[in-house]
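So you can see what is in the structure, the chains are spelled out below.
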Amino acid sequence: MITVHHLNNSRSQRVLWLLEELGLPYEIKHYQRDATTSLAPPELRAVHPLGKSPVITDQGLTVAESGAIIEYLVERHGQGRLKPAGEQDLLNYRYYLHFAEGSAMPPLLMKLVFNRIKRAPMPFFVKPIAKGIANKVLGGFVQPNIDAQLKFLERELSARPWFAGAEFSAADVQMSFPLEAAAARGGATDGYPKIKDFLARIHARPAYQRALERGGPYQLLG
């Protein structure tokens, strides 16, 4: 039996979704973020030394990292499903399995961190300096990178309905988290109709809805 070590409001939600799309039996072990720090609880370190989510266990194996988990599940249990066969579609598929965390998420995470710095309690004489530095990094580096990536993804989804090609694939599952994060953090997807349509289409999928029912409330950190 596949066990998903599921942290609330995290990347592990898309692992539940993939399992529902594949129709695989699984069980969930729930973990809750610390109410003050929003960090994962230390109990997750008993599953994987880094104590992060997502992580799954299956037949004595422990698999961590979203992309590795998705590849493992599709290759071991997918029976050819949710992985394209054509050469170009397969290249697109592999690209987006890596792009989601390797390129899309870092500037979104930086935006989250620097926005928190601006809101963090600190001595009054330090706050203008910290806020100025944060605004400079956000305006000069972080937001331009986010904007460039969203424009690129909008063009990609204008050329084909799904990230790998004409058919829904596990690459779309992997890409859901950064686009949901972009939408949650200041409405970054406003002005990108193809991205918004993509999000609407995945949210309407029955397997996505079933994953929400099993995983519990899902709200990304802003």
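Predicted model, so just to flag it, every value in this text is computed and none were measured.

Draft legend 1. Structural context of the overall build of the protein chain. Secondary structure assignment for the protein chain yields 7 helices and 4 strands. In terms of overall dimensions, the protein chain is globule-like: its C-alpha atoms have a radius of gyration of 18 Å, near the 17 Å expected for 222 residues. Across its three principal directions, the C-alpha atoms of the protein chain cover 60 × 45 × 25 Å. The 222 residues of the protein chain split such that 47% are buried. For the protein chain, contacts bridging at least 24 residues in sequence account for 67% of all contacts bridging at least 6. Only carbon and sulfur atoms are counted for the fraction: they give 58% of the accessible area of the protein chain, which is about 11200 Å². The positive charge centre, built from 27 side chains, and the negative charge centre, built from 21, are 8 Å apart in the protein chain.

Draft legend 2. Just the packing of helix α1 (residues 12-22) against helix α7 (residues 206-215), in detail. At a closest axis distance of 8 Å, the pairing of α1 and α7 adopts a crossing angle of 125°. It follows from the interaxial angle that α1 and α7 lie oblique. Between α1 and α7 lies a crossing whose hand is right-handed. Within the contact between the two elements, α1 uses Q13, L16, W17, E20 and E21 and α7 uses A207, Y208, R210, A211, L212, R214 and G215. The class makeup of the residues in the contact of α1 with α7 is 6 nonpolar, 2 polar and 4 charged.

Draft legend 3. Here's a closer look at the sheet that holds strand β3 (residues 55-58). Spatial ordering of the open sheet is given by β2-β1-β3-β4, a layout of 4 strands whose pairing is mixed. Edge positions in the open sheet fall to β2 (26-31) and β4 (61-64), since each of these has one partner strand only. Taken over all neighbouring pairs, the strand axes of this sheet differ in orientation by 20° on average, direction set aside. In this sheet, β4 lies alongside β3 in antiparallel orientation, the contact comprising 4 bridges.

Draft legend 4. Seen up close, the layout of surface pockets. Empty space within the largest pocket amounts to approximately 920 Å³. Forming the walls of the largest pocket are 31 residues, and the residues nearest its centre are R11, R33, K52, S53 and L109. Of the residues belonging to the lining of the largest pocket, the class tally is 15 nonpolar, 8 polar and 8 charged.

Draft legend 5. Spotlight on α7. Of the residues making up α7, those classed as buried are A207, Y208, A211 and G215. Along the axis of α7, the buried positions cluster into a sector of 100°, meaning they face one direction only. Opposite the buried face of α7, by more than 90 degrees, sit the exposed residues P206 and E213. Packing partners of the buried residues in α7 comprise β1 (2-7), α1, β2, α5 (170-184) and α6 (193-203). Of the residues one or two after α7, G216 is the one with positive phi, at around 95°.

Rules and cut-offs
Residues numbered from 1 in each chain as written. Predicted model: local features only at pLDDT ≥ 70, side-chain atom pairs only at ≥ 80, totals over all residues. Heavy atoms only, no water. Helix = DSSP H or I, 4+ residues; strand = E, 2+ residues; numbered from the N terminus. Rg over C-alpha atoms; globule rule 2.2 N^0.38 Å. Buried < 20%, exposed > 50% of the residue type's maximum accessible area, 1.4 Å probe, protein only. Contact = heavy atoms within 4.5 Å. Areas by Shrake-Rupley, 256 points an atom, 1.4 Å probe, with all protein chains shown as cover. Lys, Arg positive; Asp, Glu negative; His and termini not counted. Charge placed at Lys NZ, Arg CZ, Asp CG, Glu CD. Axes fitted to C-alpha atoms, helices over the stretch in contact; angles between N-to-C directions. Parallel < 35°, antiparallel > 145°, perpendicular 65-115°, else oblique. Left-handed = near helix turned anticlockwise from the far one by under 90°. Nonpolar A, V, L, I, M, F, W, Y, C, P; charged D, E, K, R; others polar. Pairing = 2+ DSSP bridges. 1 Å grid on protein atoms, 1.4 Å probe; cavity = no way out; pocket = protein on both sides within 12 Å on 5 of 7 lines; lining within 4 Å. Points joined across faces, edges and corners; volume = space filled by probe spheres on them. Arc of directions from axis to C-beta.

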